[in-house]
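Coordinate inspection notes
The residues making up each chain are set out below.
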Amino acid sequence: MSDASQHHAILSPAFHKDRRNLRALGMWLFLGSEVMFFTAFFGAYIVVRSAGAASVAMPLERMWGALNTVVLITSSLTMALAVQFSKKGDRAKTGRYLALTFLLACCFLVVKAIEYTHHFMEGNFPSHDIFMGFYFLLTGFHGLHVLGGMVAMGILWWRNRRGDFNEHYNDPIEMAGLYWHFVDLVWIFLFPALYLL
Amino acid sequence: MSAPVHVETHTEDHAGGITYFEVFGLLIALTILTVTISYVNVGEALGIPQFGRAANIIVGLVVAVCKCSLVVWVFMHMNHETRINRFVLGFAIALMAIFFTAASFDFLWLGTYVHSFARAALGL
């Protein structure tokens, strides 16, 4: 038993619950601000599309988008499992699922890079038209969020290996999980809005 | 590994009892559904061709909202979350709804009775 888990074991369950709930409150407030961030861009996109840009040619290959949707949904599942195993104090499985989530995030960015390369080779830069402008704005900011999630996942994998987390204390993994599911949620709306509709 | 994995944020309850793998299956199924529907003109298929693409948008967004709810409810444990945390999320969604509605006033209500009523009320 490491120092950290001895320290956490002597604290009462009510303390652990209160601390977890307060951290979750902080995380939900942050996610609320993230919702507003994407709402602004999404709202602008809705207005532009509705106000006469209905004839916009959808230049995107929907199968790439569908593939990335499946990749992100799968990564949400592996993240949920990582959180669950960390609550049970199973460090080996927590580490495995965190690594898997990291790899899936990597896959997502690779697919996105392939798509971007295609767009650039076809001369579809953000300045090409209003649609491509919004496409790069929305998917670019979403991609940065994926990148941020990967950094968090890497740090947590290392901390988990070091033995920072146990059945009493796993808040950082749970909060990173909330963030990761939010990134998945944004994509769940971006995919139909940009590729399908 | 295929043993059912229950949603357990707090050990005392797992309301609903839906597993992560079931949610994952539903999310994949809904993704396949929304991609398939995107190849169809929903308005024509439902016999309301005047709706055309607008019907596709409504169906696409409804499917997205369903997927979103599954993720928030089960993966993000909103089914066990404290009241204040539910309030924060609910408020963010409400603000988003207000923003979208207000931003789309000029085209959403154009040509509808709401628009006519507003014009009449303003004496235009």
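Residues numbered from 1 in each chain as written. Chains lettered and ligands numbered in written order. Predicted model: local features only at pLDDT ≥ 70, side-chain atom pairs only at ≥ 80, totals over all residues.

Considerations on the overall build of chain A
Heads up, the condition is: Helix and strand assignments follow DSSP, with helices taken as H or I runs no shorter than four residues and strands as E runs no shorter than two, numbered in order from the N terminus. Partly exposed residues are those whose C-beta has more than 12 but fewer than 20 other C-beta atoms within 10 Å; with 20 or more the residue is buried, with 12 or fewer it is exposed, and the C-beta atoms are placed from the backbone.
Counting secondary structure elements, chain A contains 6 helices and 0 strands. Counting from the amino terminus, helix and strand elements in chain A follow one another as α-α-α-α-α-α. In terms of its C-alpha atoms, chain A occupies a principal-axis envelope of roughly 65 × 30 × 20 Å. Going through the 197 residues of chain A one by one, you find that 37% of them count as buried.

What about the overall build of chain B?
Our working rule: Residue pairs qualify as contacts under a 7 Å threshold applied to their C-beta atoms, which are placed from the backbone.
A count of helical and extended segments in chain B gives 6 helices and 0 strands. Along the chain direction, N to C, the helices and strands of chain B fall in the order α-α-α-α-α-α. Burial statistics for chain B: of 124 residues in total, 19% are counted as buried. A sequence separation of at least 24 residues applies to 41% of the contacts in chain B between residues at least 6 apart.

Some remarks on unusual backbone geometry
You will see that B:His77, though not glycine, has its phi angle at about 60°, which is positive. Looking at where B:His77 falls in the secondary structure, it is placed in the loop between helix 3 (53-75) and helix 4 (83-103).

Quick look at the packing of helix 1 (residues 20-37) of chain B against helix 3 of chain B
Residues and elements named next belong to chain B. What counts, and what does not: A fitted line through C-alpha atoms represents every axis, and for helices the fit uses only the stretch in contact; the resulting angles, taken between N-to-C directions, go from 0 to 180 degrees. Any angle that is under 35 degrees is reported as roughly parallel, and any over 145 degrees as roughly antiparallel; angles of 65 to 115 degrees are reported as roughly perpendicular and all others as oblique. Lys, Arg, Asp and Glu make up the charged group, whereas Ala, Val, Leu, Ile, Met, Phe, Trp, Tyr, Cys and Pro make up the nonpolar group; the residues left over, Gly among them, are polar.
In the contact formed by helix 1 and helix 3, the axes pass within 10 Å of each other and the chain directions differ by 170°. The angle between the axes of helix 1 and helix 3 places the two elements in the roughly antiparallel class. On the side of helix 1, the interface is formed by Tyr20, Val23, Leu26, Leu27, Leu30, Leu33, Thr34 and Ile37, while helix 3 contributes Val59, Gly60, Val63, Cys66, Lys67, Leu70, Val74 and Phe75. Here the residues of the contact of helix 1 with helix 3 sort into 13 nonpolar, 2 polar and 1 charged.

Focus on the interface of chain B and chain A
On the chain A side, the residues contacting the 33 residues of chain B number 34 residues. Ranked by residue count, the leading element in the side of chain B that touches chain A is helix 4 of chain B, at 10 residues. Residues of the side of chain B that touches chain A, tallied by class, amount to 23 nonpolar, 8 polar and 2 charged.

Comments concerning the environment of B:Cys68
Here B:Cys68 is to be found in helix 3. When the C-alpha positions of B:Cys68 and B:Leu27 are compared, they lie 9.1 Å apart, and in sequence the two are 41 residues distant. Setting aside chain neighbours within four positions, we find B:Cys68 in contact with A:Leu185 and A:Ile188.

What to know about the packing of helix 2 (residues 13-50) of chain A against helix 6 (residues 171-196) of chain A
A pair of packed helices is characterised by two quantities: the angle between their axes and the separation of those axes. Residues and elements named next belong to chain A. Let me state the cut-off plainly: Should the near helix be turned anticlockwise from the far one by less than a right angle, the crossing is termed left-handed; should it be turned clockwise, right-handed.
At a minimum axis separation of 10 Å, helix 2 and helix 6 run at an interaxial angle of 20°. For the element pair helix 2 / helix 6, the angle class is roughly parallel. The way helix 2 lies across helix 6 gives a crossing that is right-handed. Between helix 2 and helix 6, the contacting residues are Arg19, Arg20, Arg23, Met27, Leu31, Glu34, Phe38 and Tyr45 on the first element and Asp171, Met175, Leu178, Phe182, Val186 and Ala193 on the second. Of the residues assigned to the contact of helix 2 with helix 6, the class counts are 9 nonpolar, no polar and 5 charged.

Some thoughts on the environment of B:Ala94
Residues and elements named next belong to chain B. On the secondary structure map, alanine 94 appears in helix 4. Classification of alanine 94 as exposed rests on a count of 10 C-beta atoms within 10 Å. Along the sequence, alanine 94 and tryptophan 73 sit 21 residues apart, while their C-alpha atoms lie 17 Å from each other.

Looking at helix 6 of chain A
Along an α-helix, a turn takes 3.6 residues, which lines up residues three or four apart on a common side. Residues and elements named next belong to chain A. Applied cut-off: Take the number of residues in a helix, subtract one, and multiply by 1.5 Å to get its expected span. To get the bend at any residue, fit one axis to the seven residues that end at it and another to the seven that begin at it, then take the angle between the two axes.
Counted at 1.5 Å a residue, the expected span for helix 6 with its 26 residues is 38 Å, and the 37 Å between its end C-alpha atoms agrees. Of all the bends in helix 6, the greatest reaches close to 30° and is centred on leucine 190; the proline proline 192 follows between one and four positions later. The buried fraction of helix 6 amounts to 22 of the 26 residues, a majority that puts the element mostly inside the structure.

Looking at the confidence of the model for chain B
Residue and element names in this part refer to chain B. We count it as follows: On a range of 0 to 100, pLDDT expresses the predictor's confidence in each residue.
Overall, the prediction assigns chain B a mean pLDDT of 81, with 78% of residues at 70 or greater. No element of chain B has a lower mean pLDDT than helix 5 (residues 105-108), which averages 69, and none a higher one than helix 1, which averages 95. Reported confidence for the predicted complex is 0.89 by ipTM and 0.87 by pTM.

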